[in-house]
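An overview of the molecular structure
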Amino acid sequence: MSSNIIQEETNQFRFKNLKGGKIPPQALDLEEAIIGAIMIDKKGLDEVIDILFPEIFYKKEHQEIFFAIQKLYHNSKPIDIYTVLNELRKIGKLESIGGELYLIELTQKVISSAHIEYHSRIVVQKFILRRLISISSHIIQKCYEESTDVFDLLDHAESKLFEVHQKYLIEKKYETTQCLIQKAIEKIKKTEREGLSGIPSGFHKLDYITSGWQNSDLIILASRPGMGKTTFMLSMVKNIVVDQKVPIIIFSLEMSSVQLITRLISSETGISSEKIKRANLSQSDWKHLFHKTKNLKNVPLFIDDTPSLSIFSLRAKCRRLISQHGIKLIFIDYMQLMGVHDHGSKLQNREQEISVISRSLKSIAKELDIPIIALSQLSRAVETRGGNKRPVLSDLRESGAIEQDADIVLFIYRPEYYGFKIWDSDEENDSCIGQAEIIISKHRNGGLDKFRLKFISDQAQFVNLEEQKHISLVWEEDYKKNVLDQEDFLMSSPYDDFEDHTLSESNSNNEIDFNDENSLKKEI
């Protein structure tokens with residue numbers, strides 16, 4: 001927002017408050033001390049140049065003087081009473097601020113620039129109070145208008161508050177080399193104890209390359225539609241939430257929360273997603289479904305399926321979830337469906353909007369010190385290209401800013417999708433059917449590599465290749481350990497009289513009557 005707009009809003013609420021007998025928050029004596037100190041000691045300006053702006057000052061004359069000082073500073077000109085006076089004369093503001101006499105009076109009120117940063121922060125706080133009063137007054141006025149859309153007003157209010165925080169609440173953070181080295185050593189010791197420095201994805205090769213998902217990183221997972229972005233995300237979610245109990249939030253802009261959890265149930269139970277979708281389940285499937293979903297009921301997983309989620313809403317929700325539930329990892333499916341909804345600026349095209357979203361996601365990851373994994377679409381250039389159609393960084397859709405802002409960029413490539421039968425990069429001509437290649441095309445803090453995973457489409461999951469021999473028996477083994485009597489199970493084939501075992505055990509314990517359809521549905 002420009003200084004002129006802020007000044008106009010400030011004048012409006014000044015007038016309203018004066019009519020009611022209230023004076024807006026201000027600190028005129030400190031404003032005078034700050035400007036006077038800057039003109040007698042330029043070192044004082046070096047301490048506060050990143051926290052002061054012309055509009056922060058309450059008095060119009062002080063705004064004009066600081067504008068002149070700021071202009072001199074940016075042009076690398078000397079700053080003292082004479083240069084400031086000359087600059088004000090050049091821009092035609094000398095008389096309006098009270099002439100030479102007022103500048104001389106300001107320099108006579110201080111003897112040094114000591115405590116100038118402390119004084120400046122008080123002035124900034126007074127300005128923020130005035131801005132909050134102004135924003136609140138505008139919101140109150142809009143609330144009384146019949147034509148006001150409540151959701152637009154909420155978004156507008158949030159964007160205004162976000163703007164104040166981003167521009168004016170800047171804290172200078174400096175750390176000594178000694179302190180940073182100590183932090184680095186502690187992190188190395190932790191990695192030695194735990195094996196990984198970040199959150200494990202559950203995919204061995206990926207964790208070896210990245211050492212887990214690192215705090216403050218923005219990870220982009222991209223592919224063409226149908227390659228399995230959401231499936232890969234849910235496979236990681238299952239590995240992290242179910243196996244490691246790490247709290248996760250998924251912002252699903254494409255699929256509903258029920259659709260996502262249904263796919264997660266398919267992955268956890270090993271029952272085909274098509275069978276679940278059509279409810280074409282046998283009695284043993286129902287029994288197994290009921291048993292395995294118990295593992296999912298208490299996992300720390302949260303799903304938000306708000307459509308067209310704005311970057312401002314995302315930041316607010318993430319802060320709240322971290323505070324209330326200790327969220328450690330954020331997934332976004334997918335970033336091209338997000339919106340900016342910034343009422344303070346107008347973006348010319350979609351590319352600029354995606355650039356803002358990309359930069360904001362990186363900013364949120366760094367501010368909250370948490371990894372963010374955002375799914376992204378690829379452009380159609382992949383399809384029109386000849387050869388093996390492996391994606392590259394330039395295929396990231398709608399903005400090169402995604403490539404620039406991301407710490408890690410992963411691509412999912414399944415040759416089977418394009419009709420290939422064998423791997424083009426394998427001398428032994430191994431089959432690529434039911435397999436995927438994960439390509440690490442950018443890694444800011446590590447090396448580039450690629451590796452293969454098993455893709456099980458009907459169960460909506462990716463698994464490590466070494467696990468593929470056992471994947472079809474995972475749920476039978478679990479069922480064997482937890483539900484059926486182990487001795488009886490070993491005396492007969494797992495598939496002989498399977499249904500009889502299930503029914504007899506259920507009826508003997510009076511838990512579920514599988515012959516009674518209503519009883520079964522009620523239990524599920």
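Summary of the structure given here.

The rules behind these values
Residues numbered from 1 in each chain as written. Predicted model: local features only at pLDDT ≥ 70, side-chain atom pairs only at ≥ 80, totals over all residues. Heavy atoms only, no water. Salt bridge = Lys/Arg side-chain N within 4 Å of Asp/Glu carboxyl O. Helix = DSSP H or I, 4+ residues; strand = E, 2+ residues; numbered from the N terminus. Buried < 20%, exposed > 50% of the residue type's maximum accessible area, 1.4 Å probe, protein only. Arc of directions from axis to C-beta. Contact = heavy atoms within 4.5 Å. Polar contact = N/O pair within 3.5 Å; in protein donor to acceptor, adjacent residues only side chain to side chain. Pairing = 2+ DSSP bridges. Axes fitted to C-alpha atoms, helices over the stretch in contact; angles between N-to-C directions.

Tallied over the entire structure, the rule returns 15 salt bridges. A salt bridge links Glu87 to Lys71; its shortest N-O distance comes to 3.5 Å. Placement of Glu87 in helix α5 (residues 81-90) and of Lys71 in helix α4 (residues 60-74) is noted, with a sequence separation of 16 residues between them. For Glu87, a relative accessible area of 7% corresponds to the buried category. Assessed through its relative accessible area of 35%, Lys71 is described here as partly exposed. Measuring nitrogen to oxygen at the nearest pair gives 2.3 Å for the salt bridge that ties Arg319 to Glu367. Residue Arg319 is located in helix α15 (residues 311-325), and its partner Glu367 is located in helix α16 (residues 350-368); the two are separated by 48 residues in the primary sequence. Among the residues examined, Arg319 registers a relative accessible area of 36% and is labelled partly exposed. Residue classification places Glu367 among the partly exposed residues on the basis of a relative accessible area of 33%.

Among all positions in α5, only Ile81, Val84, Leu85, Glu87 and Leu88 are buried. Along the axis of α5, the buried positions cluster into a sector of 165°, meaning they face one direction only. Structural note: α5 exposes Tyr82 and Lys90 on the side pointing more than 90 degrees away from its buried face. Buried residues belonging to α5 abut α2 (28-40), α4 and α6 (99-108). Put simply, Asp80 is the residue that caps the front of α5, since its side-chain oxygen is 2.9 Å from the backbone nitrogen of Tyr82. Directly beyond the C-terminal end of α5, a positive phi value near 75° is found at Gly92.

Before going further, it helps to examine the sheet that holds strand β4 (residues 329-333). The strand order β3-β2-β4-β5-β1-β6-β7-β8-β9 describes an open sheet built from 9 strands, whose pairing is mixed. In the strand order of this sheet, the two ends are held by β3 (301-304) and β9 (461-464), each with one partner. Put simply, the sheet's adjacent strands are angled 25° from each other on average, direction ignored. Two strands pair when backbone bridges link them, and strand β6 (residues 408-413) and strand β7 (residues 435-443) are joined in this way by 6 bridges, in the antiparallel orientation. Residue pairing across strands places Ile408 opposite His443, the latter belonging to β7. Together, β2 (248-252), β3 and β9 form the strand contacts of helix α12 (residues 257-269), whose direction differs from that of β3 by roughly 145°. Along the sheet face, α15 touches β2, β3 and β4 and points at about 155° away from the line of β2.

By themselves, these are just geometric observations and shouldn't be taken as functional.
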